[in-house]
Amino acid sequence: MNIKNFDLNLLRVFVVVYRLRSVSHAANAIGLTQPAMSNALRRLREQCNDPLFTRSGRTMEPTTLAHTLFAPLEAALAGIETCFAHVADFRPDSSNRTFRLLMSDVGEMVVLPRLMLALSSVAPGVSIEASRLPHAEYAPALRSGEADLAIGNIGFLNTGFYQQHLFDDRYLCIARKGHPGLKGKLTLARYLSVGHVVSTAGSTDTLVEEVLLGRKQQRDIKLTVTHYHRCAAIVMQSDLIATVPGNAVVGMDGLETHELPFRMPQARVRQFWHRRAHTDAAHKWLRQLIAQLILDGRSRPRAHVAGPRAQHHAR
């Protein structure tokens, strides 16, 4: 290989395909069309005289050479990005940037209304894309730049990610107003005697199951849905009940809330970002704006790196 004739743009293609194990996902992350991405990968293979990735089902598995190249190339690109991030001049009032946020139900309910109101005055050209992915895809999306921030009660983003605590949320039992089986104080016996709808969106279901398992008790789960909002909609039109973070259903008419008949840890809602974006001027502006809006002038915890060294604050 002659480095003088090597197209350095192909290095980013290589790194993103390696991270995401998908040509189509990598094309979306970089902003290329599928044909352009396939052409770039073909040129990269020719330059390296190696297939680099082979298809296995729906994923692209790296070859031995690809595994060898990834770490040094990722470090080199991160160094280049850091250099430009330090000199970047982000002006929110004139920016047309779109930020992509991975958000939970609670994050959407609490963060988005305040954020959009603030953007309308300080950054009218800035747009937000709020979405959700399977938990296994959070880390690759943040590493590749496909997503900018993740906001929620998240416990699986560790080494290589920064985090900042925004607020705590308590878990509540919700039922339709006038529910015939929940008159008076909600006891454990009443809680267990009624049918439940649960959500797979967050960690609530897992936490409740852990508490009840310790008491050798079990809920009567009648329905499983994807989001807390759907839990609330079904609860309002049935005799089912649900356990959800309080902020996920705030302001919803037709519901009554009850204190749980057992202790649950609070949900710690935080914003997470990958270290590659830590010094990026636009990222810093957005993170600081969100923290300011949510913490509202209170003492704000500084961001720190998640994982084994989480106790060390970021400078």
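Just so it is clear, the structure is predicted and the values come from calculations on it, not from any experiment.

## Section: the nonpolar core
Here comes step 1: In this structure, Phe99, Leu115 and Ile290 are the most contacted members of the largest nonpolar core, which totals 42 residues.
Here comes step 2: Counting residues per element, the ones that place at least two in this core are strand E3 (98–103), helix H5 (105–122), strand E5 (149–152), strand E6 (161–169), helix H9 (228–236), strand E10 (242–245), strand E12 (267–274) and helix H10 (281–295).
Here comes step 3: Here this core gets eight residues from one element, more than from any other, and that element is H10.
Here comes step 4: Beyond its immediate sequence surroundings of up to four residues, Leu115 is in contact with Leu101, Ile128, Leu286, Leu289, Ile290 and Leu293.
Here comes step 5: If you look at the next biggest cluster of nonpolar residues, it comprises 26 residues, including Leu10, Val13, Phe53 and Ala66.

## So, the environment of Met264
Here comes step 1: Its place among the elements puts Met264 in the loop between strand E11 (255–258) and E12.
Here comes step 2: Placed 53 residues apart in sequence, Met264 and Val211 show a C-alpha to C-alpha distance of 7.6 Å.
Here comes step 3: Setting aside residues no more than four positions away along its own chain, Met264 makes contact with Tyr171, Thr204, Leu207, Val208 and Val211.

## Re the UniProt feature "domain: HTH lysR-type" (unreviewed entry) in the protein chain
Here comes step 1: Within this numbering scheme, the UniProt entry marks residues 6–63 as carrying the feature "domain: HTH lysR-type" (unreviewed entry).
Here comes step 2: Between the end C-alpha atoms of residues 6–63 the distance is 20 Å, and the span holds 60% helix and 14% strand.

## Some details on the sheet that holds E10
Here comes step 1: A sheet is described by the order of its strands in space; here three strands give the open sequence E10-E7-E11, paired in antiparallel fashion. The strands lining the two open edges of the sheet, one partner per strand, are E10 and E11. Each neighbouring strand pair of the sheet contributes to a mean axis angle of 45 degrees, computed without reference to strand direction.
Here comes step 2: Here strand E7 (residues 171–176) runs beside E11; their pairing, made up of four bridges, is antiparallel. Along E11, the bridge assignment pairs Ala175 with Glu256.
Here comes step 3: Sheet contacts for H9: E7, E10 and E11; angle to E7, the most-contacted strand, approximately 35 degrees.

## Some details on the confidence of the model for the protein chain
Here comes step 1: Scored by pLDDT, the protein chain has a mean of 87; 90% of the residues are at 70 or more.
Here comes step 2: Across the protein chain, the secondary-structure element scoring lowest on mean pLDDT is strand E13 (residues 304–305), at 54, and the one scoring highest is strand E9 (residues 220–225), at 96.
Here comes step 3: Low pLDDT, under 50, characterises residues 307–315; the stretch is placed with 17 contacts to residues that sit more than four places away or in other chains.

## Observations concerning the layout of surface pockets
Here comes step 1: Empty space within the second largest pocket amounts to approximately 440 Å³.
Here comes step 2: At the level of secondary structure, the elements contributing two or more residues to the lining of the second largest pocket comprise H5, E5 and E12.
Here comes step 3: The leading source of residues in the lining of the second largest pocket is E12, at three residues.
Here comes step 4: Its residues placed into classes, the lining of the second largest pocket shows 13 nonpolar, 12 polar and three charged.

## Some details on the packing of helix H1 (residues 9–20) against helix H3 (residues 34–48)
Two quantities define a packed helix pair, namely the angle between the axes and the distance from one axis to the other.
Here comes step 1: Viewed as axis vectors pointing N to C, H1 and H3 meet at an angle of 105 degrees, and their least axial separation amounts to 10 Å. Considering the angle they form, H1 stands roughly perpendicular to H3. Along its contact with H1, which presents Leu10, Val13, Phe14 and Val17, the element H3 presents Met37, Ala40, Arg43, Leu44 and Gln47.
Here comes step 2: Each residue belonging to the contact of H1 with H3 can be placed in one class, and the counts come to seven nonpolar, one polar and one charged.

## Concerning the packing of aromatic side chains
Here comes step 1: Tallied over the entire structure, the rule returns nine aromatic pairs.
Here comes step 2: Between the aromatic rings of Phe90 and Phe99, the centroid separation amounts to 6.3 Å while the plane-to-plane angle is 80 degrees, which identifies the pairing as edge-to-face.
Here comes step 3: The exposure class assigned to Phe99 is buried, which follows from its relative accessible area of 0%.
Here comes step 4: Seen from their ring centres, Phe99 and Trp285 are 6.3 Å apart, and the 35 degrees between their planes marks the pair as tilted. With a gap of 186 residues between them, Phe99 in strand E3 and Trp285 in helix H10 connect regions that are remote in the sequence. In this pair, the class of Phe99 matches that of Trp285, namely buried.
Here comes step 5: Ring pairs connect the aromatic residues Phe14, Tyr18, Phe53 and Phe70, which therefore count as one cluster.

## Some thoughts on empty space enclosed by the protein
In this approach a probe as big as a water molecule rolls over the atoms, and the regions it shows empty are the leftover space.
Here comes step 1: Scanning all chains against the criterion turns up one cavity of 30 Å³ or more.
Here comes step 2: In this structure, the largest cavity spans a volume of roughly 30 Å³.
Here comes step 3: What lines the largest cavity is Val197, Val198, Ser199, Thr204, Asp205, Arg219, Tyr228 and Thr243.
Here comes step 4: Counting residues per element, the ones that place at least two in the lining of the largest cavity are strand E8 (195–199) and helix H8 (204–214).
Here comes step 5: Here the element with the most residues in the lining of the largest cavity is E8; it accounts for three residues.
Here comes step 6: Considered class by class, the residues forming the lining of the largest cavity number three nonpolar, three polar and two charged.

The rules behind these values
- Residues numbered from 1 in each chain as written.
- Predicted model: local features only at pLDDT ≥ 70, side-chain atom pairs only at ≥ 80, totals over all residues.
- Heavy atoms only, no water.
- Core = buried A, V, L, I, M, F, W, Y, C linked by side-chain atoms within 4.5 Å.
- Buried < 20%, exposed > 50% of the residue type's maximum accessible area, 1.4 Å probe, protein only.
- Helix = DSSP H or I, 4+ residues; strand = E, 2+ residues; numbered from the N terminus.
- Contact = heavy atoms within 4.5 Å.
- UniProt positions renumbered as here; feature names shortened; annotations may be inferred.
- Pairing = 2+ DSSP bridges.
- Axes fitted to C-alpha atoms, helices over the stretch in contact; angles between N-to-C directions.
- pLDDT = per-residue confidence, 0-100.
- 1 Å grid on protein atoms, 1.4 Å probe; cavity = no way out; pocket = protein on both sides within 12 Å on 5 of 7 lines; lining within 4 Å.
- Points joined across faces, edges and corners; volume = space filled by probe spheres on them.
- Nonpolar A, V, L, I, M, F, W, Y, C, P; charged D, E, K, R; others polar.
- Parallel < 35°, antiparallel > 145°, perpendicular 65-115°, else oblique.
- Phe/Tyr/Trp six-rings, centres within 6.5 Å; stacked < 30°, edge-to-face > 60°.

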